[in-house]
Amino acid sequence: ILDEPTNHLDIFSREALEESLVQFPGTILLISHDRYLLDRVCRQMLVFDQCKIRRIEGLEGYRDRQPDLEAGPDWEKASSDEEKLLLETRISRVLSQLSLIKPDAPDYQALDQEYRELIRRKNELTNRG
């Protein structure tokens, strides 16, 4: 049973976890908002939606039911909770990239600025809600 297992992992740890899960021969109960992980690891999914549980064959089956997932995030239409999740995912990605480079590296300042902007946006959402 895994509840949001990729939260706060760097890229190398995420890849190792994904590979381990793909190779695992048993059943995995995985709760996640990480669509990449779900797509890579899950063949069947139980989706909890509007007080109903639906069994869906893979993430493609879910995408077929939810065509807007292919388009990517729409910041203007996303609910506050959805935007927070998207921001947290982007924050995790930036932090993992920052952890791999030194502060004097050329990309460091841009990543640091992106991190600060993401944190600012997350704080705005938190204070609004």
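Structure's up top.
Since the structure is predicted, the reported quantities are computational estimates derived from the model, not experimental observations.

A. Fine view of helix α5 (residues 80–100). Under the 1.5 Å per step criterion, the end-to-end length of α5 is 31 Å for 21 residues, consistent within 8% with the ideal 30 Å. For α5, the complete set of buried residues consists of E83, L87, I91, V94, S96 and L98.

B. The arrangement of the packing of α5 against helix α6 (residues 108–128) in detail. At a minimum axis separation of 9 Å, α5 and α6 run at an interaxial angle of 155 degrees. As summarised for this structure, α5 and α6 are arranged roughly antiparallel, according to the angle between their axes. By crossing handedness, the relation of α5 to α6 is classed as left-handed. The residues of α6 that touch α5, namely those facing S80, E83, K84, L87, E88, R90, I91, R93, V94, L95, Q97 and L98, are Y108, L111, D112, E114, Y115, L118, I119, R121, K122, L125 and T126. When the residues that make up the contact of α5 with α6 are grouped by side-chain class, the tally is 11 nonpolar, 3 polar and 9 charged.

Cut-offs and rules
- Chains are numbered independently. Their residues run from 1 in the order of the written sequence.
- Totals for whole chains, interfaces and linings use every residue, but because this is a predicted model, local features are given only for residues with pLDDT of at least 70 and side-chain atom pairs only at 80 or more, for both listing and counting.
- Computation of side-chain values covers all heavy atoms of the structure but excludes hydrogens and water.
- Helical segments are the DSSP runs of H or I of at least four residues, strand segments are the runs of E of at least two, and each set is numbered from the N terminus.
- Here a helix's expected span is defined as the number of its residues, less one, multiplied by 1.5 Å.
- Three labels apply to residues, based on accessible area from a 1.4 Å probe with only protein chains included: buried if under 20% of the type maximum, exposed if over 50%, partly exposed otherwise in between.
- All axes are obtained by fitting lines to C-alpha atoms, using only the stretch in contact for helices, and the reported angles, taken between N-to-C directions, cover 0 to 180 degrees.
- Roughly parallel here means an angle under 35 degrees, roughly antiparallel means over 145, roughly perpendicular means 65 to 115, and every remaining angle is called oblique.
- Left-handed describes a crossing whose near helix is turned anticlockwise from the far helix by less than a right angle; the clockwise case is right-handed.
- Note on contacts: a residue pair is in contact if any heavy atoms of the two residues lie within 4.5 Å.
- Under the scheme applied here, ten amino acids are nonpolar (Ala, Val, Leu, Ile, Met, Phe, Trp, Tyr, Cys and Pro), four are charged (Asp, Glu, Lys and Arg), and all others, including Gly, are polar.

Worth remembering: the numbers are spatial, not functional.
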